[in-house]
Amino acid sequence: GGTLAITGTYLLVTFAPNVSQDITAEKVERYVVSWQFLMYLLLEVIVFCVLLYVYKRKGVNHIVVLLLLVALLASVAVISVKAVAGMIAMTLKGDMQLTYAIFYAMAVAMIASCIFQVKFLNQAMQLYNATEVVPINYVFFTTSAILAGIIFYQEFREAAILNIFMFLFGCLLSFLGVFLIARNQEKQTFQEPYINFGEIPGKETVDKIQPHSNSITYGALHN
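Note that this is a predicted model, so its numbers are computed, not measured.

1. Re the packing of helix H1 (residues 2-15) against helix H7 (residues 161-182)
Right, on to step 1. Contact geometry for H1 and H7: axes closest at 7 Å, N-to-C directions at 155 degrees. It follows that H1 is roughly antiparallel to H7 by the angle criterion. Our pair here, H1 against H7, has a crossing hand that is left-handed. For the pair formed by H1 and H7, the contact residues are Gly 2, Leu 4, Ala 5, Thr 7, Gly 8, Thr 9, Leu 11, Leu 12 and Phe 15 on the first element and Asn 163, Met 166, Phe 167, Phe 169, Gly 170, Cys 171, Leu 173, Ser 174, Leu 176, Gly 177, Leu 180 and Ile 181 on the second.

Structure, rendered in structure tokens:
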């Protein structure tokens, strides 16, 4: 699974279009209202809301659910980071871009997406081993980031058929690798804390007491 994931990611990065362009506020505004990005954004919002509902309301905290949330936020982060960085670069070259509202909208999207990425990734790290989280997150993050960049900045518009095919093949290998890594992975179960009276000076019993976590006296000892 790890080998397939790495191979697929290598193909994704190798055959992704490498087109350099100056990012200006006018271009970003035009990209935001393009039909390709609007359809992608609508689909992403729907999937994100479904995953969030499953996670919050249904209590499904499978590693794939958590890291898909991270990946969807990563796509927004990559688009906004590139836009903000490009407009700052153009400003430093003498073409002022900081007076456009789109610059601040992208800056807000960048900060918000990064914050919530860290939140969901932290929850995944608490529930699962790093050996499971890191490769799956790597593949999801990379795939989502490249796809978002291609759709938003229209970088595949003049790409060769071979590049498109190999890129899709890399996606397939990555998803297959993720499936093999995540298969049959169960959430870790942690023992509930208990207090051993036998280890407390002055107590003669070796019985264990299980405190109620919802009680206001959680962790306190009764006289």
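Having seen the model, we can carry on.
2. Focus on the environment of Gln 117
Right, on to step 1. As for its position among the elements, Gln 117 is in helix H5 (residues 101-127).
Right, on to step 2. C-alpha separation for the pair Gln 117 and Leu 72, spaced 45 residues apart in sequence, amounts to 8.9 Å.

3. As for H5
Right, on to step 1. If you check H5, its first and last C-alpha atoms are 40 Å apart, about what 27 residues at 1.5 Å a residue would give, namely 39 Å.
Right, on to step 2. Within H5, the full set of buried residues consists of Ile 102, Phe 103, Met 106, Ala 107, Ser 113, Gln 117, Phe 120, Gln 123, Ala 124 and Leu 127.
Right, on to step 3. Buried residues along H5 sit in contact with helix H2 (25-32), helix H3 (35-56), helix H4 (63-92) and helix H6 (130-153).

4. Considerations on the UniProt feature "transmembrane region" (unreviewed entry) in the chain
Right, on to step 1. Per the UniProt entry, the sites bearing "transmembrane region" (unreviewed entry) are residues 37-55, 62-89, 101-121, 133-153 and 159-182 in this numbering.
Right, on to step 2. Along residues 101-121, the helical share is 100% and the strand share 0%, with 30 Å between the first and last C-alpha atoms.

5. Structural notes on the packing of aromatic side chains
Given two aromatic rings, their pairing is described by the distance between the two centres and the angle made by the two planes.
Right, on to step 1. Under the counting rule described, the total for this entry stands at 7 aromatic pairs.
Right, on to step 2. Geometrically, the ring pair formed by Phe 37 and Phe 152 is edge-to-face, given 4.8 Å between the ring centres and 80 degrees between the ring planes. Of the two residues, Phe 37 is situated in helix H3 and Phe 152 in helix H6; the sequence distance between them amounts to 115 residues. As far as the burial class goes, Phe 37 and Phe 152 line up, both buried.
Right, on to step 3. Note on Phe 103 and Tyr 104: the rings are 5.1 Å apart at their centroids and 90 degrees apart in plane angle, and the pair reads as edge-to-face.
Right, on to step 4. Residue Tyr 104 is classed as partly exposed on the basis of its relative accessible area, which comes to 46%.
Right, on to step 5. Of the aromatic side chains, those joined through ring pairs into one cluster are Tyr 31, Phe 37, Phe 152 and Tyr 153.

6. Here's the deal with the side chain of Gln 117
Right, on to step 1. Assessed through its relative accessible area of 10%, Gln 117 is described here as buried.
Right, on to step 2. Apart from residues lying up to four places away in sequence, Gln 117 is in contact with Val 70, Leu 73, Ala 74, Ala 77 and Phe 141.

7. A short note on the packing of H4 against H5
Right, on to step 1. Running from amino to carboxyl end, H4 crosses H5 at an angle of 150 degrees, the nearest separation of the two axes being 8 Å. Classified by the interaxial angle, the pair formed by H4 and H5 is roughly antiparallel. Crossing of H4 against H5: the hand is left-handed.
Right, on to step 2. Partitioning the contact of H4 with H5 into residue classes produces 26 nonpolar, 4 polar and no charged.

Analysis parameters
- Residues numbered from 1 in each chain as written.
- Predicted model: local features only at pLDDT ≥ 70, side-chain atom pairs only at ≥ 80, totals over all residues.
- Heavy atoms only, no water.
- Axes fitted to C-alpha atoms, helices over the stretch in contact; angles between N-to-C directions.
- Helix = DSSP H or I, 4+ residues; strand = E, 2+ residues; numbered from the N terminus.
- Parallel < 35°, antiparallel > 145°, perpendicular 65-115°, else oblique.
- Left-handed = near helix turned anticlockwise from the far one by under 90°.
- Contact = heavy atoms within 4.5 Å.
- Expected span 1.5 Å × (residues − 1).
- Buried < 20%, exposed > 50% of the residue type's maximum accessible area, 1.4 Å probe, protein only.
- UniProt positions renumbered as here; feature names shortened; annotations may be inferred.
- Phe/Tyr/Trp six-rings, centres within 6.5 Å; stacked < 30°, edge-to-face > 60°.
- Nonpolar A, V, L, I, M, F, W, Y, C, P; charged D, E, K, R; others polar.

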